[in-house]
Amino acid sequence: MNAFEFSAGKLPLLLSIPHAGTLLTPEVKAGLSDAAKGLPDTDWHIPQLYAFAREMGASVLVGNYSRFVIDLNRPPDNQALYTTATTGLYPETLFDGTPTFKPGMTPTAAQRAGYLQNIWQPYHDQIRLELERIRRQFGYALLFDAHSIASTVPRLFDGQLPDLNLGTNDGASCSPEIAGHLTAVCDDQSRFSWVINGRFKGGYITRAYGKPAENQHAVQLELAQCNYMDEQPPFAWRGDKAQELQVILQKILETLLREGKK
């Protein structure tokens, strides 16, 4: 199976969706613990939630494989991105700390090296190629990394997560003007709670490709899943909720496009 699905757009914007995939390699499928078999840490329905972005004309890149095979938003050397609890390039635990694999059923080092070469690397090659193409055409490029997570995960953060969690790597991945206008969009509404550079400051994708000095700006948005889906299995899509969330998401992308060209 292909490592990703990609559609080229007509705007200077690439939408990256690394964690919505559910494909498993045979060895990962055979080794998953009972708790992991339902793929609970998936960014469920994110391509559907952002379907409007494709209609706007954004390029869209979606990873096909589950993060339990390999996490596309972690560095290839598996260095930790946060000092607090997190998961790595090859997640050994679920977000709640439960083991991902049955005892003795973890994929081998050689198998995981294959995942890095055949799944992780193609995804990142596509990011680089598309951002280079966009910059050649427009003189600048915008990357929006789209994520979601359950609104309460005690091992990862205290209490309930804000609805909208913008990440700019503490201001290093995009210009301060872009960050300021994006936060203004969030602040100009009262329906959804929000924070910038809180618990989620941006993963490897935001940090690696956000280069504002080179007119390449990257932003991550981590969404609390309670606003568009059921957070318990079978993780059903909630269109009644999603419509309201999509309004603010579209404003965020429109603002990124408007401010990114200045």
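All of the points below concern the structure found in this document. (Residues numbered from 1 in each chain as written. Predicted model: local features only at pLDDT ≥ 70, side-chain atom pairs only at ≥ 80, totals over all residues. Heavy atoms only, no water.)

1. Side note on the state of the cysteines
For step 1, the next point in the chain: Taken as a whole and judged by the stated rule, the model has zero disulfides.
For step 2, the next point in the chain: Not part of a disulfide, cysteine 174 finds its nearest cysteine sulfur in cysteine 186, a span of 12 Å.
For step 3, the next point in the chain: Judged by relative accessible area, cysteine 174 falls into the buried class, the value being 2%.
For step 4, the next point in the chain: On the basis of relative accessible area, cysteine 186 is assigned to the buried category, the value being 0%. (Disulfide = S-S within 2.5 Å. Buried < 20%, exposed > 50% of the residue type's maximum accessible area, 1.4 Å probe, protein only.)

2. Some thoughts on empty space enclosed by the protein
For step 1, the next point in the chain: Here the structure, examined in full by the defined rule, presents one cavity of 30 Å³ or more.
For step 2, the next point in the chain: Space inside the largest cavity adds up to approximately 210 Å³.
For step 3, the next point in the chain: Contributions of two or more residues to the lining of the largest cavity are made by strand S4 (141-149) and strand S7 (216-224).
For step 4, the next point in the chain: When residues of the lining of the largest cavity are assigned to their parent elements, the largest contribution, three residues, is made by S4. (1 Å grid on protein atoms, 1.4 Å probe; cavity = no way out; pocket = protein on both sides within 12 Å on 5 of 7 lines; lining within 4 Å. Points joined across faces, edges and corners; volume = space filled by probe spheres on them. Helix = DSSP H or I, 4+ residues; strand = E, 2+ residues; numbered from the N terminus.)

3. Structural notes on the packing of aromatic side chains
For step 1, the next point in the chain: This model, assessed by the stated rule, comprises seven aromatic pairs.
For step 2, the next point in the chain: Measuring from ring centre to ring centre gives 6.0 Å for tyrosine 50 and phenylalanine 144, while their planes differ by 55°; the resulting arrangement is tilted. You can see tyrosine 50 sitting in the loop between helix H2 (46-49) and helix H3 (51-56) and its partner phenylalanine 144 sitting in strand S4, a full 94 residues away along the chain. For the pair shown, tyrosine 50 and phenylalanine 144 are each scored as buried.
For step 3, the next point in the chain: One aromatic cluster is present, formed by Tyr50, Phe52 and Phe144 through successive ring pairs.
For step 4, the next point in the chain: A cation over a ring is seen here: arginine 199 above phenylalanine 200, with NZ or CZ 5.1 Å from the ring centre. (Phe/Tyr/Trp six-rings, centres within 6.5 Å; stacked < 30°, edge-to-face > 60°. Lys NZ or Arg CZ within 6 Å of the ring centre and 35° of its normal.)

4. Here's the deal with the sheet that holds S4
For step 1, the next point in the chain: If you walk across this open sheet you meet the seven strands as S1-S3-S2-S4-S7-S5-S6, and the pairing is mixed. What marks the edges here is a single partner per strand, and that holds for strand S1 (4-7) and strand S6 (194-196). If you compare each strand with its neighbour and ignore which way they point, the axes differ by 15° on average.
For step 2, the next point in the chain: As defined by bridge partners, S1 adjoins strand S3 (residues 59-63) across four bridges and the pair is classed as antiparallel. Opposite glutamate 5, over in S3, you have valine 62 as the bridge partner.
For step 3, the next point in the chain: Most of the contacts of helix H4 (residues 109-138) go to strand S2 (residues 13-17), to which it runs at about 165°, and overall it touches S1, S2, S3, S4 and S7. (Pairing = 2+ DSSP bridges. Axes fitted to C-alpha atoms, helices over the stretch in contact; angles between N-to-C directions. Contact = heavy atoms within 4.5 Å.)

5. Quick look at the nonpolar core
For step 1, the next point in the chain: Leu49, Tyr50, Phe144, Leu221, Leu223 and Leu245 are the most contacted members of the largest nonpolar core, which has 81 residues in total.
For step 2, the next point in the chain: Considering every element that reaches this core, the biggest residue donor is helix H7 (residues 239-260), with eight residues.
For step 3, the next point in the chain: Look past the residues within four positions of leucine 221 in its chain and what remains in contact with it is Tyr50, Phe144, Asp145, Ala146, His147, Leu164, Asn165, Leu166, Leu249 and Ile252. (Core = buried A, V, L, I, M, F, W, Y, C linked by side-chain atoms within 4.5 Å.)

6. Here we look at the side chain of aspartate 145
For step 1, the next point in the chain: Within the secondary structure, aspartate 145 is located in strand S4.
For step 2, the next point in the chain: Despite its burial, aspartate 145 pairs with no opposite charge, the nearest such side chain being arginine 74 at 8.2 Å.
For step 3, the next point in the chain: Reaching out from aspartate 145, the side chain makes a polar contact with the side chain of histidine 147 at a distance of 2.6 Å.
For step 4, the next point in the chain: In this view, aspartate 145 contacts Ser16, Pro18, Asn73, Ile205, Thr206, Val219, Gln220 and Leu221; residues no more than four positions away in its chain are not counted. (Lys, Arg positive; Asp, Glu negative; His and termini not counted. Salt bridge = Lys/Arg side-chain N within 4 Å of Asp/Glu carboxyl O. Polar contact = N/O pair within 3.5 Å; in protein donor to acceptor, adjacent residues only side chain to side chain.)

7. Some thoughts on the environment of leucine 89
For step 1, the next point in the chain: Mapped onto the fold, leucine 89 is located in the loop between S3 and H4.
For step 2, the next point in the chain: For leucine 89, a relative accessible area of 1% gives the class buried.
For step 3, the next point in the chain: Put simply, leucine 89 and aspartate 77 are 12 residues apart on the chain and 8.1 Å apart in space, counted from C-alpha to C-alpha.
For step 4, the next point in the chain: Discounting chain neighbours no more than four positions away, the residues touching leucine 89 are Ile70, Asp71, Arg74, Pro75, Pro76, Asn78, Leu116 and Trp120.

8. Brief notes about the pattern of salt bridges
Close approach of charged atoms lets side chains of opposite charge pair.
For step 1, the next point in the chain: Per the counting criterion, the structure on display carries 13 salt bridges.
For step 2, the next point in the chain: Measuring nitrogen to oxygen at the nearest pair gives 3.3 Å for the salt bridge that ties lysine 201 to aspartate 170. Remark: aspartate 170 occurs in the loop between strand S5 (164-167) and helix H5 (176-187) and lysine 201 occurs in the loop between S6 and helix H6 (204-209); sequence separation between them is 31 residues.
For step 3, the next point in the chain: The partner of aspartate 230 in a salt bridge is arginine 238, and the shortest N-O contact between them spans 3.3 Å.
For step 4, the next point in the chain: Exposure remark for arginine 238: the relative accessible area of 27% places this residue in the partly exposed category.

Geometry only, nothing functional implied.
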